[in-house]
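# Fold and geometry: a report
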Amino acid sequence: MLEQGTGVDSVAGTRAAKQPIIDVDVHEMFGSLRDLAPYLEEPWRGRVDIADGGGGPPSFPYAYPQIAGVARAEATTPDGRPAGSDFGLMREQLLDSYNIERAILAGGFYPTEMQTQPEFATALAAAYNDWMIENWLDRDERLLGSVCVAAQDPRAAAREIDRVGAHERVVQVMLPTIAHDVLGREFYHPVYEAAVRNGLVVAFHQGNTSGTATGQPPYYIEWHTALAQSWQSQLVGLISHGVFDKFPELGVVLVEGGWTWVPSLMWRFDYNHRSVRREVPWVKRLPSEYIRDNVRATTQPMEYPENPDDLYKMFELIGSEDFLVFSTDYPHWDFDDPDRVFPKSFPKELRRKILYDNAREFYGL
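Residues numbered from 1 in each chain as written. Predicted model: local features only at pLDDT ≥ 70, side-chain atom pairs only at ≥ 80, totals over all residues. Heavy atoms only, no water.

### What to know about the sheet that holds strand β4 (residues 170–176)
Stated precisely, the cut-off is as follows: At least two bridges found by DSSP between two strands are what make those strands a pair. Where helices and strands are cited, they refer to DSSP runs of H or I of at least four residues and of E of at least two residues respectively, numbered from the N terminus. Residues count as neighbours in contact if any of their non-hydrogen atoms are within 4.5 Å of one another. Structural elements are reduced to axes, namely lines fitted to C-alpha atoms, with helices fitted over the stretch in contact, and the angle between N-to-C directions of any two is expressed from 0 to 180 degrees.
The strand order across the open sheet built from eight strands is β1-β2-β3-β4-β5-β6-β7-β8, with neighbouring strands paired in parallel fashion. Among the strands making up the open sheet, the edge pair consists of β1 (21–26) and β8 (324–325). Relative to strand β5 (residues 201–205), β4 runs parallel, the two sharing five bridges. By the bridge assignment for β5, V173 is matched with V202. Seen against the sheet, helix α5 (residues 154–164) touches β3 (143–148) and β4 and runs at an angle of roughly 155 degrees to β3.

### Observations concerning the nonpolar core
We apply this condition: Nonpolar core, defined: a set of buried Ala, Val, Leu, Ile, Met, Phe, Trp, Tyr and Cys residues in which side-chain atoms within 4.5 Å join the residues together. Each residue is placed in one exposure class: buried if its accessible area under a 1.4 Å probe, protein chains only, is under 20% of its type's maximum, exposed if it is over 50%, and partly exposed if it falls in between.
Residues L36, Y192, F204 and W259 are the most contacted members of the largest nonpolar core, which totals 101 residues. With ten residues, the top contributor of residues to this core is helix α4 (residues 118–135). Those residues in contact with Y192, other than ones at most four positions away along the chain, are L175, L183, G184, V202, F204, L238, V243, F247 and L250. Listed in part, the 17 residues of the second largest apolar core include V24, M174, V201 and A359.

### Regarding the environment of L286
Residue placement: L286 occurs in the loop between α10 (262–276) and α11 (287–294). C-alpha separation for the pair L286 and H273, spaced 13 residues apart in sequence, amounts to 6.9 Å. In contact with L286, not counting residues within four places along its chain, are D270, H273 and R274.

### Concerning empty space enclosed by the protein
Empty pockets left among the atoms are what a rolling probe the size of a water molecule brings to light. Selection criterion: Lining residues are those with an atom within 4 Å of a point, where the points come from a 1 Å grid over the protein atoms alone and group into cavities, where a 1.4 Å probe fits but cannot get out, or pockets, open sets with protein on both sides within 12 Å along at least five of seven lines. Grid points are joined across faces, edges and corners, and a volume is the space filled by probe spheres set on the points. Note on residue categories: nonpolar means Ala, Val, Leu, Ile, Met, Phe, Trp, Tyr, Cys or Pro, charged means Asp, Glu, Lys or Arg, and polar means any other residue, Gly included.
This model, assessed by the stated rule, comprises two cavities of 30 Å³ or more. The leading source of residues in the lining of the largest cavity is β3, at three residues. Residues belonging to the lining of the largest cavity are distributed by class as follows: eight nonpolar, two polar and one charged. Of the volumes computed, that of the second largest cavity is approximately 30 Å³. Listed by contribution, the elements that provide at least two residues to the lining of the second largest cavity are α4 and α5. Across the lining of the second largest cavity, the residue classes break down as six nonpolar, one polar and one charged.

### Let's talk about the layout of surface pockets
Counted as a void, the second largest pocket has a volume near 190 Å³. Lining the second largest pocket are 13 residues, with H224, T225, G257, P301 and E303 sitting closest to its centre. Only α7 (220–226) and α8 (228–240) provide two or more residues apiece to the lining of the second largest pocket. Here the residues of the lining of the second largest pocket are counted per class, giving five nonpolar, five polar and three charged.

### Brief notes about the pairing of strand β6 (residues 252–255)
Residues V252 and L254 point to one face of β6 and V253 and V255 to the other, with burial holding for every one of them. Pairing between β5 and β6: four bridges, direction parallel. Each bridged residue has a counterpart across the sheet, and for A203 the counterpart in β6 is V253. As paired strands, β6 and strand β7 (residues 295–298) are joined by three bridges and run parallel to one another.

Just distances and angles here, no functional claims.
So this is what it looks like as structure tokens:
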């Protein structure tokens with residue numbers, strides 16, 4: 001392990017060194033489904049206005065708890081479009097305000113959540129990808145893209161990954177942590193096969209239908225606090241269904257799901273594997289080994305214990321300083337400023353790895 005930090009102010013230290021940053025969770029947004037209409041053919045184009053009027057993709061089930069919804073107030077646009085939909089604001093507030101060398105777009109539209117009309121979901125995913133490339137990737141070389149898919153039709157999703165994955169600045173496939181199925185099941189394996197075939201990481205991010213062990217509880221604070229259960233469930237499913245045994249080169253990033261829960265999950269999972277592994281004989285290694293080798297987690301949201309040394313000890317418990325990659329979650333209300341996010345217990349070398357090196361190596365940038 002690296003020697004512990006000396007208490008030097010992380011703001012001054014980061015800015016003085018002009019630390020380059022790779023941000024792996026930046027949300028570009030469209031105004032409405034109507035923005036996708038030019039990228040759709042019939043019969044799908046004619047359905048957009050109907051879907052946008054209330055019969056389309058899932059919407060967020062909670063009244064927003066912050067003054068600007070789930071966004072930073074300054075990221076909202078004067079004309080009322082969603083935060084994250086204005087490239088100029090993103091460039092000013094994020095790309096140019098910090099030394100962002102690469103920003104990976106994570107979107108905010110996940111057709112995998114649609115439990116009806118899979119053909120429509122597949123068409124919307126393809127339209128979104130074309131919209132994202134034209135309106136975002138083509139505007140700034142610092143931006144990297146994610147393939148939007150509708151995983152309820154895995155073979156169609158694989159074809160979309162093959163179509164879009166050839167773009168030189170597309171680096172990952174985006175999946176939501178749905179609550180209605182385990183995405184590790186063999187049914188979904190064509191998605192992972194296509195990701196590996198194209199050299200792409202697969203990222204899991206919360207969506208509007210992501211739930212807790214009790215579904216979607218009454219209050220946002222309950223949902224937001226317990227939501228890490230959805231990433232845990234999908235991660236356990238990936239390992240238990242042999243995804244990493246079948247695709248050993250696959251890299252998975254857990255985006256915006258927290259990370260301090262990882263040590264206890266590793267302990268419990270390893271214990272159960274030793275006890276009942278006959279049920280899943282295709283899982284050849286301890287679950288903790290797959291997690292260290294094939295899985296990364298984003299920094300945001302960063303939990304802050306009263307003693308910052310406790311947070312630093314998490315790296316020793318996980319067994320790797322390569323496990324974290326940096327994210328701001330722009331433009332959301334819990335945005336993490338890269339100059340202020342790390343406690344003083346994190347030494348300078350570790351901050352550099354998290355801000356830049358870990359993502360560069362894992363994504364092969």
